[in-house]
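As a plain string of letters, each chain reads:
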Amino acid sequence: MTLGRLVGLLAGHQFLSGQELAAKLGVTRAAVWKQVETLRSMGYEIEAYPRQGYRLLSRPDKLYPWEVAQGLETRFFGRTIEYYDELPSTNQRAKELMASCPEGTVVLAESQIAGRGRLGRKWFSPPGTGIWMSLILKPQLPPTQLSKLTLVAAVALSQAIYDQLNVRPLVKWPNDLYWNGRKLSGILTELAGEMGRLESVILGVGLNVNQKPADFPAEIREQAASLWMIKERPVDRKALLRHYLEVLEAEYFQALNNGFDGVLEYCRQYSYTLGRHVTVTNGAQTFSGTAVAIDGDGGLIIDQDGQHRKVIAGDVNLTNQN
Ligand code: BTN
């Protein structure tokens, strides 16, 4: 984390001499110079003058752990971050890590080459434009309650986006965020453990942030949204990620301690699903009807010709037939 400490020291935007920096970091001046070179190669703009020292001019748009940690107001979430320039999938990496890391550990990647979506689909995760992250949770919850954690993640993300950008994406039950009929974010929750014992819940979140329409592959271009497309300007990924972790941590502990009522109410109030004609696929079963309610278990109630059917998990397709 010395690189992070050096950035922190330089963040005051004043010149600091190599000697001062060396003393503060407990290293030699030559080591400071080497680290400055490393930071430059990572995209930091740092000027250096012989008598004045070093000054930070700009930071790169990267989710380096020390950047995300700066000003992060959480107790657990994001206190440990594993950062990669590229990974096959952050969910996959989180599964490898989960047994040996504390709750709240986050795996981040600037890009994923095998980003996973639900039902074996791919998740398009190009470099530097989105937030591709997995959070490791170790909740004390009965297995029947676990599916509601996906809703907690969706609600927290919608709320965090609202707080930062004044737009509120809708929750498509149970794990997507939509804006103007387009998918902005997808959540892949995976339960992982060994010998029949649940060890961790991996909350994988993909959020399209700074893609422009042309950046999406043709096959999803008409269905995908990004925050750039909504705000018509670049959005600060670091600030958004930080705030998301804060809101998510608060919502998570609130749900564990006091139940999921608040989360479920949000899902009802800002729902993209309720009132629409849907087709649900659950394993080999497929059926259609109107989504009429989200019940106290977080299940979706479908009205099928006057008969109510409850769905706990499944893939929901909106079929505009009303
Ligand atoms: C979906 O909409 O089907 C869910 C998409 C989930 C994508 C995220 S990106 C970070 C994490 N790692 C993955 O491989 N997938 C999730």
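Each remark here, short or long, concerns the structure printed above.
Keep in mind that this is a model prediction, so the values were computed, not measured.

**Student:** Help me understand the packing of helix α1 (residues 2-10) against helix α2 (residues 18-25) in this model?
**Tutor:** Helix-helix packing is described using two parameters, namely the angle between the two axes and the distance between the axes. Interhelical geometry of α1 versus α2 gives an angle of 130° and a closest axis separation of 11 Å. If you check the angle between α1 and α2, you find them oblique. With respect to the hand of their crossing, α1 and α2 are arranged in right-handed fashion. Residues Thr-2, Arg-5, Leu-6, Leu-9 and Leu-10 of α1 form the contact with α2, whose participating residues are Leu-21, Lys-24 and Leu-25.

**Student:** How should the packing of α1 against helix α3 (residues 29-41) be read in this particular structure?
**Tutor:** One can describe the packing of α1 onto α3 by two numbers: an axis separation of 10 Å at closest approach and a directional angle of 90°. By the angle between their directions, the pair α1 and α3 is classed as roughly perpendicular. When α1 is examined against α3, the residues Thr-2, Leu-3, Leu-6 and Val-7 are found in contact with a partner set consisting of Val-32, Gln-35, Val-36, Thr-38 and Leu-39. Among the residues making up the contact of α1 with α3, the classes are represented as 6 nonpolar, 3 polar and no charged.

**Student:** How should I be thinking about the site of the ligand in this particular structure?
**Tutor:** As a structural note, the neighbourhood of the ligand is formed by 19 residues, with Ser-89, Thr-90, Arg-116, Arg-118 and Lys-183 the closest of them. One nitrogen or oxygen atom from the main chain of Asn-91 is found 3.4 Å from a nitrogen atom belonging to the ligand. Side-chain polar atom of Lys-183 to an oxygen atom of the ligand: 2.5 Å apart, as the coordinates give it. Relative to its unbound accessible surface of 420 Å², the ligand loses 99% to contact with the protein. Taken atom by atom, the bulk of the ligand overlaps the largest pocket. For the shell around the ligand, the secondary-structure elements that each account for two or more residues are α5 (90-97), β5 (130-137), β8 (182-194) and β9 (197-208). Element by element, the count of residues in the shell around the ligand is highest for β8, at 4 residues. Split by residue class, the shell around the ligand holds 5 nonpolar, 10 polar and 4 charged.

**Student:** Whenever I open this one, the pairing of strand β11 (residues 285-294) confuses me. Can you help?
**Tutor:** As a general feature of sheets, a regular strand has side chains that alternate between the two faces. Strand direction decides the pairing type here: strand β10 (residues 277-282) and β11, joined by 6 bridges, are antiparallel. Among the inter-strand pairings, Asn-282 is bridged to a residue of β11, identified as Gln-285. Hairpin geometry of β10 and β11 is characterised by an intervening segment of 2 residues between the two adjacent antiparallel strands and by a positive phi of about 65° at Gly-283. Across 4 bridges, the pairing between β11 and strand β12 (residues 300-304) is antiparallel. Bridging from a neighbouring strand, Ala-291 pairs with Ile-302 of β12.

How each quantity is defined
- Residues numbered from 1 in each chain as written.
- Predicted model: local features only at pLDDT ≥ 70, side-chain atom pairs only at ≥ 80, totals over all residues.
- Heavy atoms only, no water.
- Axes fitted to C-alpha atoms, helices over the stretch in contact; angles between N-to-C directions.
- Helix = DSSP H or I, 4+ residues; strand = E, 2+ residues; numbered from the N terminus.
- Parallel < 35°, antiparallel > 145°, perpendicular 65-115°, else oblique.
- Left-handed = near helix turned anticlockwise from the far one by under 90°.
- Contact = heavy atoms within 4.5 Å.
- Nonpolar A, V, L, I, M, F, W, Y, C, P; charged D, E, K, R; others polar.
- Near = heavy atom within 4 Å.
- Polar contact = N/O pair within 3.5 Å; in protein donor to acceptor, adjacent residues only side chain to side chain.
- Areas by Shrake-Rupley, 256 points an atom, 1.4 Å probe, with all protein chains shown as cover.
- 1 Å grid on protein atoms, 1.4 Å probe; cavity = no way out; pocket = protein on both sides within 12 Å on 5 of 7 lines; lining within 4 Å.
- Sits in = over half its atoms within 2 Å of the grid points.
- Pairing = 2+ DSSP bridges.

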